[in-house]
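Chain by chain, the residues:
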Amino acid sequence: MNATTLHEKTRSRGRPREFDAEAALDAALRVFSERGYHAASISELTEAMGLAAGSVYKAFGDKRGIFLAAFDRYRAVRRGLLDTELASVETGRDKLNTLITFFAGSSHGEIGRQGCLVVGSAGDLALFDEEAAERVATAFMTDEALLADLIRLGQSDGSISRDLDASATSLALLCLTKGMRVIGKTGRSGEEMAAAAEAAMKLVT
């Protein structure tokens, strides 16, 4: 859902009411990330979103509709933040380090305890919902392709060895970065996750 605001179909005193869809979805994804899809109740979602249940149902259909919209919002925001950081460095190796550090930085403290909506969905919903499974698979494949592209960029600019198997290493790093988000829910420190990121970079030495 790309519009900043959504117009509710209900009217109050003859005037349409509006709400900030992006802010509402940001609140919903925090609930889904912390609670998981099945444990998140519609009452928790509507309270977090600051909306009446009727408004939520008219905008998103049902809890599943809220989840899918929140998932798309989460992916777009995270990718935008990552792209900004990647643009600030030049070599493939530096970009790869930036990406791994980005995931490590999201795997401790409050944001770490919230967890990753994509990773959580892989186990919580993807097995039972074909559309959600497709979104999760696409997210994983997109991230793996980005990792492979950065490795190949490093190989072309000389910052990463040409002897490295880009496909196998990108899959290994995908597993590591997604695993970071799982471990982050257990309360690891920033120092621990930074050390893990440093160790992960040894795969491309």
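As recorded in an unreviewed UniProt entry, the chain goes by the name AcrR family transcriptional regulator, listed as coming from Rhizobium binae.

Caption draft 1: Highlighting the overall build of the chain. Tallying secondary structure elements over the chain gives ten helices and two strands in all. Within the chain, the proportion of its 205 residues that are buried is 41%. Pairs at least 24 apart in sequence give 66% of the contacts found in the chain among residues at least 6 apart. Summing over all exposed atoms, the chain offers an accessible surface of approximately 10700 Å²; the carbon and sulfur share of this is 52%. Taking the 25 positively charged and 29 negatively charged side chains of the chain as two groups, their mean positions are separated by 5 Å.

Caption draft 2: Representation of the pattern of salt bridges within the structure. Taken as a whole and judged by the stated rule, the model has eleven salt bridges. A salt bridge links D72 to R135; the nearest nitrogen and oxygen atoms lie 2.8 Å apart. One end of the pair, D72, is in helix α4 (residues 63–86); the other, R135, is in helix α8 (residues 130–157), and 63 residues separate them in sequence. The class for D72 is partly exposed, based on a relative accessible area of 32%. Overall, R135 belongs to the partly exposed group, its relative accessible area being 21%. In this structure, E192 engages R188 in a salt bridge whose closest nitrogen and oxygen atoms are separated by 3.5 Å.

Caption draft 3: Geometry of the packing of helix α9 (residues 166–183) against helix α10 (residues 190–201). As a packed pair, α9 and α10 sit with axes 11 Å apart at the nearest point and diverge in direction by 170°. Put simply, α9 runs roughly antiparallel to α10. Residues L173, L176, M180 and I183 of α9 lie in contact with α10, whose contacting residues are M193, A196, A197 and A200. Of the residues that constitute the contact of α9 with α10, the class distribution is eight nonpolar, no polar and no charged.

Caption draft 4: Seen up close, the state of the cysteines. By the definition in use, this model includes zero disulfides. Cysteine C116 remains unbridged, with the sulfur of C175 as its closest cysteine sulfur at 14 Å. Exposure remark for C116: the relative accessible area of 9% places this residue in the buried category. A relative accessible area of 52% places C175 in the exposed class.

Caption draft 5: Structural detail: the confidence of the model for the chain. Here the chain shows a mean pLDDT of 88. Residues at 70 or above account for 91%. Looking at the elements of the chain, mean pLDDT is at its lowest for strand β1 (residues 5–12), recorded as 39, and at its highest for helix α5 (residues 92–105), recorded as 98. Counted against residues more than four places away or in other chains, residues 1–17, with its pLDDT under 50, gives 27 contacts.

Caption draft 6: Looking closely at the environment of E22. Mapped onto the elements of the fold, E22 is located in helix α1 (residues 21–35). With 48 residues separating them along the chain, E22 and A70 place their C-alpha atoms 8.7 Å apart.

Caption draft 7: Broad picture of helix α2 (residues 42–49). Listed in full, the buried residues belonging to α2 are L45, T46 and M49. Buried residues of α2 fall within an arc of 95° about the axis and therefore sit on the same side. Lining the buried residues of α2 we find α1, α3 (53–60) and α4. Once α2 ends, the next one or two residues include G50, with phi positive near 70°.

Caption draft 8: Structural context of the packing of aromatic side chains. Within the structure shown, the criterion is met by five aromatic pairs. When the centroid spacing of 5.9 Å and the interplanar angle of 15° are considered together, the rings of F32 and Y37 count as stacked. By the burial criterion, F32 is buried, and Y37 matches it. Between F32 and F67, the ring centres sit 5.2 Å apart and the planes meet at 90°, which makes this aromatic pair edge-to-face. Taken together, the positions of F32 in helix α1 and F67 in helix α4 put the pair 35 residues apart, joining distant regions of the chain. Each of the two residues, F32 as well as F67, counts as buried. Members of the aromatic cluster, each reached through a chain of ring pairs, are F32, Y37, F67 and F71. If you follow K63 out to its NZ or CZ, it ends over the ring of Y37, 4.5 Å from the centre. One residue, R78, lies across the ring of F103, its end atom 5.8 Å from the ring centre.

Analysis parameters
Residues numbered from 1 in each chain as written. Predicted model: local features only at pLDDT ≥ 70, side-chain atom pairs only at ≥ 80, totals over all residues. Heavy atoms only, no water. Helix = DSSP H or I, 4+ residues; strand = E, 2+ residues; numbered from the N terminus. Buried < 20%, exposed > 50% of the residue type's maximum accessible area, 1.4 Å probe, protein only. Contact = heavy atoms within 4.5 Å. Areas by Shrake-Rupley, 256 points an atom, 1.4 Å probe, with all protein chains shown as cover. Lys, Arg positive; Asp, Glu negative; His and termini not counted. Charge placed at Lys NZ, Arg CZ, Asp CG, Glu CD. Salt bridge = Lys/Arg side-chain N within 4 Å of Asp/Glu carboxyl O. Axes fitted to C-alpha atoms, helices over the stretch in contact; angles between N-to-C directions. Parallel < 35°, antiparallel > 145°, perpendicular 65-115°, else oblique. Nonpolar A, V, L, I, M, F, W, Y, C, P; charged D, E, K, R; others polar. Disulfide = S-S within 2.5 Å. pLDDT = per-residue confidence, 0-100. Arc of directions from axis to C-beta. Phe/Tyr/Trp six-rings, centres within 6.5 Å; stacked < 30°, edge-to-face > 60°. Lys NZ or Arg CZ within 6 Å of the ring centre and 35° of its normal.

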